[in-house]
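# Notes for the structure review
One letter stands for each residue in the lines below.
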Amino acid sequence: MNPDIQSIVASMTLEEKAALCVGASAWTTTPIERLGAPEMVVSDGPHGIRRLPDVNQMTTQSLPATCFPTASCTACSWDRDLIREMGAAIAEEAIALNVDVVLGPGANMKRSPLCGRNFEYFSEDPYLAGELAAAYIQGVQSKGVGTSLKHYAANNQEYQRFTINAEVDERTLREIYLPAFEKAVKQGKPWTVMCSYNKVNGRFASEHHKLLVEILKDEWGFEGLVVSDWGAVRDRVKALKGGLDWEMPGPQPRRVQQVIDAVRCGDLDEAILDESARRILGIVLKASQTPKGAPATFDADAHHALARRIASEGMVLLKNDGVLPLKPGQKLAAIGRSALSAHFQGGGSSHINPTRVDAPLDALRARAGDAEVAHVEGYPADDAFRQDLIDEAVQLAQRADVALLYIALPTYKESEGYDRVDLDLTAQQIALIKAVAEVQQRSVVIINSGAPVAMSEWIDGVAAVLQGWMMGQAGAGAIADILYGHVNPSGKLAETFPLRLADTPAYLNWPGEMGKVRYGEGLFIGYRWYDARQLPVLFPFGYGLSYTTFEYSNPRVSAKSFRDADGVTVSVDVTNTGAVAGKETAQVYVRDRAASLARPEKELKGFAKVELQPGETKTVTVELDFRAFAFWHPGYGRWVTEDGEFDILIGASAADIRHALTVAVQSTADLPCLLDRESTIREWMTDPRGRVVFEPLYAQMEAGLRQLLIGEEGGESTIGMDFMGMMGDMPLVSVLMWQQDRLPAHPEDIVDGLLAQARSLN
Ligand code: BGC
């Protein structure tokens, strides 16, 4: 602990400490001038700065800042360096706008494609989301500006987000909903973590000692402060006890008084308050070391250009029958409202006041040169059905060489605060696409949405589809760059695009009822679900097209057999076998061939992106550590590996595995014996220690039973031959009870004796 901070805390009055633990305004900490602790300013986040000029306001228009693409877009770049670069640019803007901490990134899992806030989150996969969240944090913090990793934890829907109780079993939490936070905390070291509004297994996240103290602070070593989501605290004293350091927003004099009273009457140990004050002061003083407002400007042009580059790396080419890239001189019909006014960000707290916004039509014309580009609206701003707009579009499309349909999911369908009710575009948009595709074979659909939309109704009729996401203020240029091949698309989906809503993992447990949402699908979200159910999808996780092709060869591992703690290095050569330069993201998945608990078919454990000239080959290398092979064992309450074979799957997407290698992992864990009086015969035989002490008796029991059955029936018995099938899932003690009269001791004493022996083995 920093001795200075400790001594400052020691010199603070109870009133000062209580005040420090509650915000002074909507966006600031309470300054303590006497001790040299200034106010600290925080602002949303995550894909740009939403700095309100007056910190006492929650919703007025914010100061202009660059609106970068949202997380569902940036995630598809699979590019840690690029996200780091974006983070650094956001930090420069934070400095110029007098912001100490940016409220982001969001590391929640996409449990359902319906979550209204999925556009702010990276992925359905915890490894990918964790890597990218860590990169974002590193980028921002490299400039001396803090981050707030949010929303911790199990905040995967907007429906009743302030109150809903997420019922998630421990293993699912550990393997799916926490690892992105864990990785971001350990690798990125965010200055702050924001707890979510919801309850997790019956307790508000803001009061959740297990999540905030035992796991986040103690186990993962988080050294910063925990801030509440805005308005997430119900009981200030309980929240302090649960590990919530800083309540936001303020001012909340009544809450401050509650803390003071609780200490005075002995309900709250002052040491708990001291610890929170220490954490807050630590961050406040760290933040004050980066001078703010100097310079008071940032390079808006450079950041706009960066936003364009990032957008072009995050967009995903989903379908292309050869119509793209466009040829110079082709006469274009640009159809759709979103060609004129870009749909580039989502609604809610992340809403940026952009420094400028490019219109897709202008960007297209800039790239089209002399070629004719005509535009019609195609669909209205609301959900009205306008056949006249469709007719007009059809006429234009007929006269063009290529029709470009700019389709944006309306904001009333997708925002923070509520979830989508379906995956669909509007009826008008679907009818428009179908009508245009009918008359124009070369129809290209460009979708702007924060999450997947259903396409089955129309995709077969169109020549190409580009997923443009919520692409940020400069995304228009990125679309034009990709359409014309100035940028070779390299984005790959960070989430599965399902065929139908009814196929999605949380379908039967969404969005919950009676105040609860049960995560009944457990570990199986995203591709883990579609793999397990063998369900076809529209586009798989990790998928995305390029204007070139890549070949994977010479897969290899540094060792065929290794100890779990040592891990292994996986390499593969990737060659650009096409005619243009391009980028490819090679993905490494791990499959456990046999485990004592159910495991997903495969899980992403590494990836690397390479840029290749035509004909060029590069070696891609990925390190797999202990965690790449481990699973959370609720019995032991820890990560474990088990001896055995694992497949290492190297692929271009979750559904396009190019090579598989098999390795043998030796578990080095010294696990305690989990057997007890109720353990079944099979459990005795699968437990390594149990087997050693029980095997002789097992052999006797099996032989005895066979004898008995043969004796009675005078022949071979199928029951007798399959002792384990018949008896394996019964408690040992119960089976012994049947033979009590023939045993030297009481069955309970026999089992207790075996237990003592098993537990004493190393
Ligand atoms: C959102 C947070 C945001 C905060 C401050 C909340 O409603 O959930 O993500 O950082 O408001 O605007």
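Computed from a predicted model, the values in this text were never measured in an experiment. (Residues numbered from 1 in each chain as written. Predicted model: local features only at pLDDT ≥ 70, side-chain atom pairs only at ≥ 80, totals over all residues. Heavy atoms only, no water.)

### Concerning the site of the ligand
Around the ligand sit 14 residues in total, of which Asp44, Arg117, His151, Tyr197 and Asp229 are the nearest. In the environment of the ligand, an oxygen atom lies 2.7 Å from a nitrogen or oxygen atom belonging to the side chain of His151. The fraction of the free accessible surface of the ligand (310 Å²) that becomes covered by protein chains is 93%. Grouping the constituent residues of the shell around the ligand by class yields five nonpolar, two polar and seven charged. (Near = heavy atom within 4 Å. Polar contact = N/O pair within 3.5 Å; in protein donor to acceptor, adjacent residues only side chain to side chain. Areas by Shrake-Rupley, 256 points an atom, 1.4 Å probe, with all protein chains shown as cover. Nonpolar A, V, L, I, M, F, W, Y, C, P; charged D, E, K, R; others polar.)

### Here we look at the domain arrangement of the protein
Many authors give the size of an interface as the accessible area that is lost as the parts come together. Assigned domains of the protein: these are domain 1 (3-288), domain 2 (308-533), domain 3 (550-666) and domain 4 (681-760). Using C-alpha coordinates to define each centre, domain 1 is positioned 33 Å away from domain 3. Listed as interface residues are 14 residues of domain 1 and, on the opposing side, 16 residues of domain 3. When domain 1 packs against domain 3, the two sides together hide about 1400 Å² of surface, and 55% of this comes from carbon and sulfur. Looking at the side of domain 1 facing domain 3, the largest losses of area belong to Trp78, Tyr127 and Arg171, adding up to 45% of the total buried there. Residue Glu182 is joined to Arg627 by a salt bridge in which the shortest nitrogen-to-oxygen separation is 2.9 Å. The tally of links between domain 1 and domain 3 comes to eight residue pairs in polar contact (both at pLDDT 80 or more). Of all the elements in the fold, those that place two or more residues in the side of domain 1 that touches domain 3 are α5 (126-141), α6 (170-177) and α7 (179-188). When residues in the side of domain 1 that touches domain 3 are grouped by element, the largest group, four residues, is from α6. (Domains from an automatic or database assignment. Contact = heavy atoms within 4.5 Å. Buried area = accessible area lost by both parts, 1.4 Å probe. Salt bridge = Lys/Arg side-chain N within 4 Å of Asp/Glu carboxyl O. Helix = DSSP H or I, 4+ residues; strand = E, 2+ residues; numbered from the N terminus.)

### Notes on the sheet that holds strand β16 (residues 550-557)
The three strands lie next to each other as β16-β18-β21, forming an open sheet whose pairing is antiparallel. The sheet is open, and its two borders are formed by β16 and β21 (617-624), each paired with just one other strand. With strand direction ignored, the average angle separating the axes of adjacent strands in the sheet is 25°. (Pairing = 2+ DSSP bridges. Axes fitted to C-alpha atoms, helices over the stretch in contact; angles between N-to-C directions.)

### Concerning empty space enclosed by the protein
Going through the model one piece at a time under the given rule, you end up with five cavities of 30 Å³ or more. In terms of lining, the largest cavity is formed by 13 residues, of which the most central are Lys110, Ser112, Pro113, Glu124 and Thr496. When grouped by side-chain class, the residues that make up the lining of the largest cavity number four nonpolar, five polar and four charged. Counting contributing residues, the lining of the largest cavity receives three or more from each of domain 1 (3-288) and domain 2 (308-533). Considering only enclosed or pocket space, the second largest cavity measures out at about 60 Å³ in volume. In this structure, the second largest cavity is lined by Pro46, His47, Pro69, Thr70, Ala71, Thr74, Met86, Pro105, Gly106, Glu120, Phe122 and Tyr136. (1 Å grid on protein atoms, 1.4 Å probe; cavity = no way out; pocket = protein on both sides within 12 Å on 5 of 7 lines; lining within 4 Å. Points joined across faces, edges and corners; volume = space filled by probe spheres on them.)

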